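# Structure at a glance
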Amino acid sequence: MAQWTSAVGAAQLARLLTSQQDRPAGPGTKRPPAYRALADGIRLLVLEGRVPVAARLPAERELALALSVSRTTVAAAYEALRAEGFLESRRGAGSWTAVPAGNPLPARGLEPLPPEALGSMIDLGCAALPAPEPWLTRAVQGALEELPPYAHTHGDYPAGLPALRSTIADRYTARGIPTMPEQIMVTTGAMGAIDAICHLFAGRGERIAVESPSYANILQLMREVGARLVPVAMAEGLAGWDMDRWRQVLRDAAPRIAYVVADFHNPTGALADDDQRRRLVDAARSAGTVLVADETMSELWLDPDIEMPRPVCAFDPAGSTVVTVGSASKAFWAGMRIGWVRAAPDVIRSLVAARAYADLGTPVLEQLAVNWLFGTGGWEQAVDLRRIQARENRDALVTAVRRELPEWEFEVPRGGLTLWVRTGGLSGSRLAEVGERVGVRVPSGPRFGVDGAFEGYVRLPFTVGGAVAEEAAVRLGAAARLVENGASGGGDAVRPFVA
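All values derive from a computational prediction rather than experimental measurement.

Its twelve residues give helix α5 (residues 135-146) an end-to-end C-alpha distance of 16 Å, which sits within 8% of 16 Å, the value for a rise of 1.5 Å per residue. Residues Trp135, Leu136, Ala139, Gly142 and Ala143 constitute the buried set of α5. Across the axial projection of α5, the buried residues extend over an arc of 130°, all falling on one side. On its buried side, α5 packs onto α13 (364-376) and α14 (378-404).

Next up, the structure:
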């Protein structure tokens, strides 16, 4: 990258480095020199995504004071990081984090597994479950009964079928957010919605703030639009957003768009609370940033005692800041490519006008099927079935991974479809590569970061259960042992920083 897009203060970096002391090196490990430990600590923070790529680091003197070490130690650590490609510097501009050149983002792990491989490979790549029957069949049958009047038209509805737009608007109103059909556009999945939003608001070269980590396919979509991604590190575990970092990025980088998943975040599973939502909307409004809230996981709460926060758009009554994206693909079935956008009427009109140069409209039959589900109560029953299945899968996978890989670290989310796992210092990219050799397909952490962050993570979706989940964990354990023994070549496990 040519320059930094965010900054990390000396006190903040010192706290992050000190937190690594809770993860000691293995028995018999020789303590490295102080500069080497500091360099390794910063490198680990970058690879884990806790310090974003292209984040300006403190000056040597400031960090030395914060860590109570000599300036020579910090200078030597920075020089080691520059030599390894994890730091770039320019006189007068300071030093900022980077990743080594020639390390492309992994390209495997999320695209659908070819049908011919299903018999031999356990697929943990896609966070998608089979259709909740009999509701898919009933919805299609109901749609066919409603189809004849539409068959006599041209079939192009750029804003979506009026009946479905009205139904979606009513559902928002029932959630306490008054909404008119003119505030809804139906799209071809959530991806189609976000693609349209990016093309409208973020031209080539515009900054888009994204959670770090974030949903891999959306990150790639934004790269292809030509946007400059500004990562904002998530808080630890399931704590959700780090609001101090968000305020700083929105103020300093002034991104045109900020993309967030507040409900059971993909991949971490974090659930942002009401206060975080309110503060982020306020910060985005002050910065003039359009806040795109992805609600595709909002109905996938798995624990019965959970109290869901209000939607992000509830904190934007004027409708000037938040654009909401929803979808049937996660809560119902990935093959049901129906999404929608809720925004101010003028934004919807602009999106609809631009659609003439994209896909013209969303398939009528699928819109009718979703409208049938919403109108008959079938949606609620299908989603209840989906929650039961995902909960059972989650519990089976968690138990199996803890048994087979006790050194792997994760927190169990209360909803969503994914488990975000720290792999005990092993390379997620190497685990993904070796995993395919032993019959388990898993996406590596860097897929979910910006410019190669999160090398020490993998994402495990709740797509398998029972004996299959147990076998998946066994195969992951086999892959981990192969990586530990150097089967995929290159690189040692990262070491913690000890001041």
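All right, on to the side chain of Lys330 then. As for its position among the elements, Lys330 is in the loop between β11 (322-327) and β12 (339-342). Buried charge without a partner: Lys330 forms no salt bridge, and the closest opposite charge is Asp294, 8.9 Å away.

To continue, consider the side chain of Thr362. Inspection of the secondary structure assignment puts Thr362 in the loop between α12 (345-354) and α13. On the basis of relative accessibility, which here comes to 4%, the residue Thr362 falls in the buried class. Here the side chain of Thr362 touches Val186 through a polar contact of 3.5 Å, landing on its backbone oxygen. For Thr362, the side chain forms a polar contact with the main-chain nitrogen of Thr188, separated by 3.4 Å.

It is worth spelling out the pairing of strand β9 (residues 257-260) at this point. If a strand is regular, its side chains alternate between the two faces of the sheet. Of the two faces of β9, the one holding Ile257 and Tyr259 and the one holding Ala258 and Val260 are both buried throughout. Since β9 and strand β10 (residues 290-294) lie parallel, the crossover through helix α11 (residues 274-287) that links them has a hand, and here it is right-handed.

This paragraph deals with the pattern of salt bridges. Where charged atoms of side chains with opposite charge meet at close range, the side chains can pair. Inspection of every chain in the model, using the stated rule, returns 26 salt bridges. In this structure, Glu79 engages Arg82 in a salt bridge whose closest nitrogen and oxygen atoms are separated by 3.3 Å. With Glu79 and Arg82 both in helix α4 (residues 71-84), this residue pair falls three residues apart, about one helical turn. Across the pair Arg394 and Asp395 runs a salt bridge, and its minimum N-O distance is 3.1 Å. Relative accessible area serves as the criterion here: at 5%, Arg394 is assigned to the buried category. Counted as one network, the salt bridges with shared partners bring together Asp303, Asp305, Arg394, Asp395 and Arg414.

Moving on: the packing of aromatic side chains. Applying the stated criterion across every chain, the model contains eight aromatic pairs. Pairing Phe454 with Tyr457 gives two aromatic rings, centres 5.8 Å apart and planes at 80°, and the pair type is edge-to-face. Across the pair, exposure class does not vary: Phe454 and Tyr457 are buried alike. Taken together, the ring pairs in this structure connect Phe332, Trp340, Phe374 and Trp379 into an aromatic cluster. Stacked on the ring of Tyr172, the Lys or Arg Arg342 has its end atom at 5.8 Å from the ring centre. Here Arg387 stacks its cationic end above the ring of Trp301, 3.8 Å away from the centre of that ring.

Here α5 crosses α13 at 115°, and the two axes come no closer than 8 Å. Classed by the angle they form, the pair α5 and α13 counts as roughly perpendicular. Seen along the crossing, α5 lies across α13 with a hand that is right-handed. Contact residues: Trp135, Arg138, Ala139, Val140, Gly142, Ala143, Leu144 and Glu146 in α5; Leu365, Leu368, Ala369, Trp372 and Leu373 in α13. A per-class count over the contact of α5 with α13 returns ten nonpolar, one polar and two charged.

As defined by bridge partners, strand β3 (residues 87-90) adjoins strand β4 (residues 94-97) across four bridges and the pair is classed as antiparallel. Bridge pairing in β4 places Arg90 opposite Gly94. Where β3 folds back on β4, the antiparallel hairpin that results is connected by three residues, among which Gly92 adopts a positive phi of roughly 90°.

A separate point is the sheet that holds strand β7 (residues 207-212). If you trace the seven strands from one edge of the open sheet to the other, you get β6-β12-β11-β10-β9-β7-β8, paired in mixed fashion. Among the strands making up the open sheet, the edge pair consists of β6 (184-187) and β8 (228-233). The mean angle between the axes of side-by-side strands here comes to 20°, regardless of whether they run parallel or antiparallel. The pairing of β6 with β12 spans four bridges and is classified as antiparallel. Along β12, the bridge assignment pairs Val186 with Trp340. Against the sheet, helix α7 (residues 162-174) contacts β6, β11 and β12, and its axis sits at roughly 120° relative to β6. Of the strands in this sheet, β6, β7, β9, β10, β11 and β12 touch helix α8 (residues 189-201), which is tilted by about 155° from β11.

How each quantity is defined
Residues numbered from 1 in each chain as written. Predicted model: local features only at pLDDT ≥ 70, side-chain atom pairs only at ≥ 80, totals over all residues. Heavy atoms only, no water. Helix = DSSP H or I, 4+ residues; strand = E, 2+ residues; numbered from the N terminus. Expected span 1.5 Å × (residues − 1). Buried < 20%, exposed > 50% of the residue type's maximum accessible area, 1.4 Å probe, protein only. Arc of directions from axis to C-beta. Contact = heavy atoms within 4.5 Å. Lys, Arg positive; Asp, Glu negative; His and termini not counted. Salt bridge = Lys/Arg side-chain N within 4 Å of Asp/Glu carboxyl O. Polar contact = N/O pair within 3.5 Å; in protein donor to acceptor, adjacent residues only side chain to side chain. Right-handed = clockwise from strand over helix to strand, strands pointing away. Phe/Tyr/Trp six-rings, centres within 6.5 Å; stacked < 30°, edge-to-face > 60°. Lys NZ or Arg CZ within 6 Å of the ring centre and 35° of its normal. Axes fitted to C-alpha atoms, helices over the stretch in contact; angles between N-to-C directions. Parallel < 35°, antiparallel > 145°, perpendicular 65-115°, else oblique. Left-handed = near helix turned anticlockwise from the far one by under 90°. Nonpolar A, V, L, I, M, F, W, Y, C, P; charged D, E, K, R; others polar. Pairing = 2+ DSSP bridges.

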